[in-house]
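Now for the letters of each chain:
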Amino acid sequence: MFSRASLLRLIPAAATPVFVASCDEASARSAIAKLIEDSEEKRDDGTSMGPTFVRLAWHSSGTWCAKTKTGGSDGGRMKFCPESRWGANAGLAEARRLIEGVATAHGLSRADAFTLSGVVAIEGMGGPTIAWQAGRSDAADGSSSPPDGRLPDADKGTLKGTVQHLRDIFHRMGFDDKDIVALSGAHALGRCHETASGYWGPWTFAETTFSNEYFRLLLEETWTLKTTHNGRAWTGPDQFEDPSGKLMMLPSDVALLWDKEFRKHVEVYAKDEELFFKDFAAAFAKLLAFGTPGASTGLVGGLKAAVGL
């Protein structure tokens, strides 16, 4: 059963007054936790909306460009076209609808609620506490959305090309190779759906438990190209499967093994879950703060320092 996340109110000294939450954050957190609990009970299959809320928070923030200072979580622009129709955001409409309801009921901006949903989900699924603050505004339309292509693709045709793509996407935001691997650890949660991405299956056998299992499986299982599905030829995009055919990895996951700089972090996190949690919490807090008021004047550093990261 989903356990409610511990409450966290962080107001770093470097933050500007606009960043102080005026919403009822505690009740919003409880409402998000209740949505996840209800979905878990309704599905009764070991899945819930929790992993989808993590993806919602991730994709609403991961459009940031550090050079041009465009994109990021401020604005909540995924509500509108063009972002709502990007292929990378397929399957998120229901999550957006649910979380917008929380925003309306509890005095948050839509943009704040999108990011908070991922924080509550990770903490409730056994993951680390994520530093978070309110203060994002809501755009009136999608006219300020960045161009499509800023979110990572699962495959660029070759492992070498996929590795370079990952670095291009994440370095643009201000992350390094260790951050890339740490954030990839979120694939311990959830699964791919053919109706959304074309890919199929979960990364782990515990889709609603945040752990370092993703890294352990990457290293310990034998991953081969998927050729069949339910007794028929697999016609979807290239993906990898374990010997049982029940677990999958994307080309971008296998790329973390292929590249020696990425692989060394995979090996560390597979052995040290505590370090993975620490590094993930720092990177995810940084991700959610991109593009928000005060982020460029010390907010990210203040958030990290506030939880000892």
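Rules of the game
- Residues numbered from 1 in each chain as written.
- Predicted model: local features only at pLDDT ≥ 70, side-chain atom pairs only at ≥ 80, totals over all residues.
- Heavy atoms only, no water.
- UniProt positions renumbered as here; feature names shortened; annotations may be inferred.
- Phe/Tyr/Trp six-rings, centres within 6.5 Å; stacked < 30°, edge-to-face > 60°.
- Helix = DSSP H or I, 4+ residues; strand = E, 2+ residues; numbered from the N terminus.
- Buried < 20%, exposed > 50% of the residue type's maximum accessible area, 1.4 Å probe, protein only.
- Lys NZ or Arg CZ within 6 Å of the ring centre and 35° of its normal.
- Expected span 1.5 Å × (residues − 1).
- Contact = heavy atoms within 4.5 Å.
- Axes fitted to C-alpha atoms, helices over the stretch in contact; angles between N-to-C directions.
- Parallel < 35°, antiparallel > 145°, perpendicular 65-115°, else oblique.
- Left-handed = near helix turned anticlockwise from the far one by under 90°.
- Nonpolar A, V, L, I, M, F, W, Y, C, P; charged D, E, K, R; others polar.
- Salt bridge = Lys/Arg side-chain N within 4 Å of Asp/Glu carboxyl O.
- Pairing = 2+ DSSP bridges.
- Core = buried A, V, L, I, M, F, W, Y, C linked by side-chain atoms within 4.5 Å.

Where an unreviewed UniProt entry is consulted, the chain appears under the name Cytochrome c peroxidase, mitochondrial, with the organism given as Aureococcus anophagefferens. Reading the Sequence similarities (unreviewed entry) entry of the UniProt record for the chain gives the comment "Belongs to the peroxidase family." Among the UniProt annotations of the chain, the heading Catalytic activity (unreviewed entry) holds the following wording: "2 Fe(II)-[cytochrome c] + H2O2 + 2 H(+) = 2 Fe(III)-[cytochrome c] + 2 H2O".

Evaluation of the coordinates by the stated rule reveals 14 aromatic pairs. For the pair Phe210 and Phe276, a centre-to-centre distance of 5.5 Å together with 10° between the ring planes defines the contact as stacked. Of this pair, Phe210 sits in the loop between β2 (201-202) and α7 (213-220) while Phe276 sits in helix α10 (residues 273-289); the two residues are 66 residues apart in sequence, bridging distant segments of the chain. Arranged with centres 5.0 Å apart and planes meeting at 80°, the rings of Phe215 and Phe276 form a pair that is edge-to-face. Note that Phe215 is positioned in helix α7 and Phe276 in helix α10, a separation of 61 residues in sequence. With relative accessibility at 0%, the residue Phe276 sits in the buried group. In this structure, Arg167 is placed above the aromatic ring of Phe262, and the distance from its NZ or CZ to the ring centre is 4.3 Å. One cation-aromatic arrangement involves Lys226 over Trp234; the distance from NZ or CZ to the ring centre is 5.3 Å.

A rise of 1.5 Å per residue sets the reference length of helix α2 (residues 50-61), with its twelve residues, at 16 Å; its end C-alpha atoms lie 17 Å apart and thus fit the reference within 8%. Burial analysis of α2 places ten of its twelve residues in the buried class, which makes it a mostly covered element. What α2 keeps buried is the set Gly50, Pro51, Phe53, Val54, Leu56, Ala57, Trp58, His59, Ser60 and Ser61. Looking at the buried positions of α2, the neighbouring elements they touch are α1 (25-43), α3 (93-106), α4 (110-124), α5 (159-173) and α10.

Quick look at the packing of α2 against α10 now. Interaxial distance between α2 and α10 falls to 8 Å at its minimum, and their mutual angle equals 55°. One way to sum up the angle between α2 and α10 is to call them oblique. Seen along the crossing, α2 lies across α10 with a hand that is left-handed. Counted together, Val54, Ala57, Trp58 and Ser61 of α2 and Phe284, Leu287 and Leu288 of α10 form the full contact between these two elements. Looking at the contact of α2 with α10, its residues break down into six nonpolar, one polar and no charged.

This next bit is on the pattern of salt bridges. Close approach of charged atoms allows side chains of opposite charge to pair. Inspection of the entire model under this criterion finds 17 salt bridges. Salt-bridge contacts for Arg77 lead to Glu83; the nearest nitrogen and oxygen are separated by 3.6 Å. The buried category is assigned to Arg77, whose relative accessible area is 10%. Glu83 sits in the buried class, given a relative accessible area of 2%. Through salt bridges with shared partners, one network takes in Glu25, Arg29 and Glu123.

Taking 1.5 Å per residue as the helical rise, α4 with its 15 residues ought to reach 21 Å, and the 21 Å between its terminal C-alpha atoms agrees with that figure. Where burial is concerned, most of α4 is hidden: 15 out of the 15 residues are buried. Just downstream of α4, Gly126 is the residue with a positive phi angle, here 95°.

The sheet built from three strands is open, its strands ordered β3-β6-β7 with antiparallel pairing. The sheet is open, and its two edges are formed by β3 (224-225) and β7 (248-249), each paired on a single side. In this structure, strand β6 (residues 240-241) lies alongside β7, joined through two bridges in antiparallel fashion. Within the sheet, the bridge partner assigned to Phe240 lies in β7 and is Met249.

Right, let's talk about the nonpolar core for a bit. Ranked by size, the top nonpolar core spans 80 residues in total, and within it Phe53, Phe170, Met173, Met249, Phe280 and Phe284 carry the most contacts. Of all the elements, α10 adds the most residues to this core, at nine residues. Leaving out residues up to four positions away in the same chain, Phe280 has contacts with Ile122, Pro128, Ile130, Ala182, Leu183, Ala186 and Phe210.

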